Protein chains: 2
Amino acid sequence: MQQTPLNYKSAGVDYAKIDPLKVLAQQAASSTAVNLAQHGLSEIQASRGESAYVLDVGDFYLASITECLGTKALVADAMRAITGKTYYAAIAQDTLAMAINDIITVGATPVSAHAYWAAGGDEWFADQERAADLVSGWKAACDACGVSWGGGETPSLSGVVVPGRIDLAASCVGLVRPKERLTLGAKLRPGDAIVLLASSGIHANGVSLARKLAERLPQGYATPLDDARLFGDALLDPTVLYSPVTEALFRHGIIPHYCANVTGHGWRKIMRHPDALTYRFASVPPVPPVLRFMQAQAHIDDREAYGSLNMGAGFALFLAPEQAGQAVEVARQLGIAAYQAGVVEAGPKRVIIEPLNVEFAQDELTLRA
Amino acid sequence: MQQTPLNYKSAGVDYAKIDPLKVLAQQAASSTAVNLAQHGLSEIQASRGESAYVLDVGDFYLASITECLGTKALVADAMRAITGKTYYAAIAQDTLAMAINDIITVGATPVSAHAYWAAGGDEWFADQERAADLVSGWKAACDACGVSWGGGETPSLSGVVVPGRIDLAASCVGLVRPKERLTLGAKLRPGDAIVLLASSGIHANGVSLARKLAERLPQGYATPLDDARLFGDALLDPTVLYSPVTEALFRHGIIPHYCANVTGHGWRKIMRHPDALTYRFASVPPVPPVLRFMQAQAHIDDREAYGSLNMGAGFALFLAPEQAGQAVEVARQLGIAAYQAGVVEAGPKRVIIEPLNVEFAQDELTLRA
């Protein structure tokens, strides 16, 4: 087995090649906002560059989003050959979580979702056990989040999607109601507390790295972790759905000043707010065994690990400090571990993780055109 | 060259394999509607099985949809090798049209859209000419329909999407406002006129058949049609965007009793309304040269052609008969040819195309669980 450290570029994701198109698309998209005037509507301009798009429709704000699962289903396909389980109920939850955990960052209550299941050929849908798991997992995730599953697409895309594979995505619509729930970060300020909500494992980001690692391991996905679970099995723990937490917070009178879904770019996402602010952490949450294993096996240091994986923190809430303790309690009552781990400070844009002596600077995260 | 007739099954789309999953998914989706009560919302139950999902949000109805392009981008990729053009501005319009032409069927004004562009690898996005065409075409289609492009996803899905290919989809949100614009077919009745809006060609349905046909032709996509255009070039005429017509109709005080977007299943889609009604056509619109060519080369009869392709009718409006003439005029003023071609009659569910002696019976279209 090689000892070369694995990073995102060697694992096949080259952000430098994607970003110029993203910038072009963001600029063109932004220029279409003027079309709303003919309908008597307007956009919330600050939502561009945030995780969901927000329109002002009068009595409330309307949020919408489309999100892709990524390549996690490839892990499920590989694990089925090992354990015989399909894992597609978990994969369904992962896919919906990509959309739901993003749309709640703007203060929206997710209300409806559409499924996008594009298979490499009709035979994908003929496997009834796997199809039934995908359906039941999708329904369960909708039920857990109070979402109505409105419909979707199940195309068979021979020649576009790889035979035997499926491209999974979810779109979601949410209402920000009352309008005071809109959280685009206008209230974020020095002194705010940062509460981190626990992840269940890798969620659906960092999967390219995990797949590359499995290729290097003699036992691949069947490699046992410290807790005796198989690597692939632990990778397939579904992404935590965080909308029950944000909805419960609102019922308790807590409106976060800002939220960040910790996905690609790991903890660098914590500084996604456009302002120059410093995010200082005095502690870090427990690292899920599967992420500890990945870091060790990929020979990457804390800086690389926290800069690309969630490392146990799936979602960050930025709150008035006097509400942080209650927010932790609300999450824990829902079975989601939460940690008052950091504070927002005046200062240059950066994330400082004190116990690990790791710092990410402003230029290490570029999300906006 | 073989002379065997080509049909959908031999062209690689087997609806029998997709449908059981669709039924399972529709039933599970429908069972999640109860989740809306906790938000003080409700669904419009009749929208399930229609082309877009509709929620009652108080002052207006909210419609949403996610739609896939299908495999038409493969034709663009093949034609680029022949002419050097990318065709991706047209492909972008096709993709948005799949969502927009569906969401308007329920009476919605499309207001925002998200892009889903999932490539087989980062190198797809590095081709700046093609990427710029995709972006400019997407923006132009949004502008043509008064839609704000809210954002989207540009994942790189190595191992899921075929290298060098891209899986394109669009999601769209629309408002039905005032609520009287909701057109789920409650008013459809015998005596209604059927106005057909012209298509530009194949649009994005029947592409598997076109691709299979190109494989059988000695010159492939470079085969000249009667009008000297190349087969592949004509296939890539972008789908007509019909929302300018439905919006103009409303401004003229015309609310259709029902609408059908003529996509997969061709003219069989005209009987998609759940009621038992007969749709009788005394005339058919001119057939675009590319569809005439396809029918002839694939050796399929009128029944097969009209049962799977749009054959010149991209969208059907079902209207009070006294409004049909004005509806035709409104469309023509927007540059879209329109034809008062048929009537709705009491009788068993079927589509009768008199000039062709073709009839489709109820059991030839199954859309609902």
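Residues numbered from 1 in each chain as written. Chains lettered and ligands numbered in written order. Predicted model: local features only at pLDDT ≥ 70, side-chain atom pairs only at ≥ 80, totals over all residues. Heavy atoms only, no water.

When helices and strands are tallied, chain A shows eleven helices and 13 strands. Scaling as 2.2 N^0.38, a compact globule of 369 residues should have a C-alpha radius of gyration of about 21 Å, and chain A matches this with 20 Å. With respect to the three principal axes, the spread of C-alpha positions in chain A is 50 × 50 × 45 Å. Expressed as a percentage of the 369 residues in chain A, the buried residues total 62%. Residue pairs in contact within chain A that sit at least 24 positions apart in sequence constitute 82% of those at least 6 positions apart. Summed over all atoms, the accessible surface of chain A reaches about 12400 Å², with 51% contributed by carbon and sulfur. Put simply, chain A has 30 plus and 37 minus side-chain charges, and the middle of one group is 2 Å from the middle of the other. (Helix = DSSP H or I, 4+ residues; strand = E, 2+ residues; numbered from the N terminus. Rg over C-alpha atoms; globule rule 2.2 N^0.38 Å. Buried < 20%, exposed > 50% of the residue type's maximum accessible area, 1.4 Å probe, protein only. Contact = heavy atoms within 4.5 Å. Areas by Shrake-Rupley, 256 points an atom, 1.4 Å probe, with all protein chains shown as cover. Lys, Arg positive; Asp, Glu negative; His and termini not counted. Charge placed at Lys NZ, Arg CZ, Asp CG, Glu CD.)

A few words now on the sheet that holds strand β11 (residues 338-346) of chain A. Residue and element names in this part refer to chain A. What the seven strands build is an open sheet, ordered β8-β10-β7-β11-β9-β12-β13; its pairing is mixed. Of all strands in the sheet, those with a lone pairing partner are β8 (258-261) and β13 (358-361), marking the two edges. Between one strand and the next, the sheet's axes are offset by a mean angle of 20°, whatever the strand orientation. Docked against the sheet, helix α11 (residues 321-333) engages β7 (193-198), β10 (313-319) and β11, running at close to 155° with respect to β11. (Pairing = 2+ DSSP bridges. Axes fitted to C-alpha atoms, helices over the stretch in contact; angles between N-to-C directions.)

Our next topic: the packing of aromatic side chains. According to the stated counting rule, one finds 26 aromatic pairs over all chains in the structure shown. Between Trp124(B) and Phe125(B), the ring centres sit 5.9 Å apart and the planes meet at 70°, which makes this aromatic pair edge-to-face. For the pair Trp124(B) and Phe125(B), a shared accessibility class is recorded, and that class is buried. Taking the ring centre of Tyr339(A) as reference, the NZ or CZ of Arg332(A) above it sits at 6.0 Å. (Phe/Tyr/Trp six-rings, centres within 6.5 Å; stacked < 30°, edge-to-face > 60°. Lys NZ or Arg CZ within 6 Å of the ring centre and 35° of its normal.)

Residue and element names in this part refer to chain B. For Trp 267, the location among the structural elements is in the loop between β8 (258-261) and β9 (278-281). Under the relative-accessibility criterion, Trp 267 is labelled buried at 0%. Looking at Trp 267, its side chain comes within polar contact range of the main-chain oxygen of Asn 310, at 2.8 Å. (Polar contact = N/O pair within 3.5 Å; in protein donor to acceptor, adjacent residues only side chain to side chain.)

Bringing the relation of the copies chain A and chain B into the picture now. With an axial shift of 0.0 Å and an RMSD of 0.0 Å, the rotation relating chain A to chain B amounts to 180°. Taken together, the turn and the small shift mark the pair as related by a two-fold rotation axis. The position closest to the rotation axis in chain A is occupied by the C-alpha of Val161(A), lying 2.2 Å away. (Least-squares fit on C-alpha atoms with pLDDT ≥ 70 in both.)

Moving on, we get to the interface of chain A and chain B. Across the boundary between the two partners, chain A contributes 78 residues, which contact 78 residues of chain B. Counting each side, the surface lost to burial between chain A and chain B is near 6300 Å², with a carbon and sulfur contribution of 63%. It is Leu21(A), Asp122(A) and Val160(A) that lose the most area in chain A upon contact with chain B, and together they represent 10% of the buried surface on that side. Counting the contacts that link chain A with chain B gives zero salt bridges. Between chain A and chain B we count 28 residue pairs in polar contact (both at pLDDT 80 or more) in total. Those elements that provide at least two residues to the side of chain A that touches chain B are α1 (15-31), β2 (53-56), β3 (61-68), β4 (109-119), α4 (123-126), α5 (128-145), β5 (148-153) and β6 (166-176) of chain A. A per-element tally of the side of chain A that touches chain B places α1(A) first, with nine residues. Considered class by class, the residues forming the side of chain A that touches chain B number 41 nonpolar, 21 polar and 16 charged. (Buried area = accessible area lost by both parts, 1.4 Å probe. Salt bridge = Lys/Arg side-chain N within 4 Å of Asp/Glu carboxyl O. Nonpolar A, V, L, I, M, F, W, Y, C, P; charged D, E, K, R; others polar.)

Right, let's talk about the domain arrangement of chain A for a bit. Residue and element names in this part refer to chain A. When cut into domains, chain A gives domain 1 (33-181) and domain 2 (193-364). Computed over C-alpha atoms only, the centres of domain 1 and domain 2 are separated by 21 Å. For the pair domain 1 and domain 2, the two sides together bury roughly 2800 Å², of which 63% comes from carbon and sulfur. Between the two partners, domain 1 and domain 2, sit three salt bridges. (Domains from an automatic or database assignment.)

With that out of the way, let us pick up the pairing of β4(A). Residue and element names in this part refer to chain A. Within β4, eleven of the eleven residues are buried, leaving the element largely enclosed by the surrounding structure. Judged from the ten bridges that link them, β4 and β6 form a sheet pairing that is antiparallel. Residue pairing in the sheet places Ala 113 in a bridge with Cys 172 of β6. In the sheet, β4 pairs with β5 via five bridges, with the strands oriented parallel. The partner of Tyr 116 across the bridge, within β5, is Glu 153.

Residues and elements named next belong to chain A. Of note, Tyr 306 is situated in helix α10 (residues 302-308). The exposure class of Tyr 306 is buried, given its relative accessible area of 2%. For the pair formed by Tyr 306 and Leu 184, sequence separation is 122 residues and the distance between their alpha carbons is 24 Å. If we skip the residues at most four places from it in the chain, Tyr 306 touches His 265, Gly 266, Trp 267, Arg 268, Val 284, Val 287, Met 311, Ile 353, Leu 356 and Phe 360.

All names here are of chain A. Running from N to C, helix α3 (residues 88-103) and α5 cross one another at 40°; their axes reach a closest spacing of 7 Å. When the interaxial angle is binned, α3 and α5 end up oblique. In this structure, α3 meets α5 at a crossing whose hand is right-handed. Contact residues: Tyr 88, Ala 89, Ala 92, Gln 93, Thr 95, Leu 96 and Ile 100 in α3; Arg 130, Asp 133, Leu 134, Ser 136, Gly 137, Trp 138, Ala 141, Cys 142 and Cys 145 in α5. Residues of the contact of α3 with α5, tallied by class, amount to ten nonpolar, four polar and two charged. (Parallel < 35°, antiparallel > 145°, perpendicular 65-115°, else oblique. Left-handed = near helix turned anticlockwise from the far one by under 90°.)

It is worth spelling out the sheet that holds strand β7 (residues 193-198) of chain B at this point. Residues and elements named next belong to chain B. Strand order in the open sheet formed by seven strands is β8-β10-β7-β11-β9-β12-β13, with mixed pairing between adjacent strands. Two strands bound the open sheet, and with one partner strand each, they are β8 and β13 (358-361). Here the average twist between neighbouring strands, direction ignored, is 20°.

All names here are of chain B. Given a rise of 1.5 Å per residue, twelve residues ought to cover 16 Å, and the 17 Å separating the end C-alpha atoms of helix α2 (residues 72-83) matches this to within 8%. Every buried residue of α2 is listed here: Lys 72, Ala 73, Leu 74, Val 75, Ala 76, Asp 77 and Met 79. Summarising the contacts, the buried residues of α2 are in contact with α3 (88-103), α5 (128-144), β6 (166-176), α6 (207-216) and α7 (231-235). (Expected span 1.5 Å × (residues − 1).)

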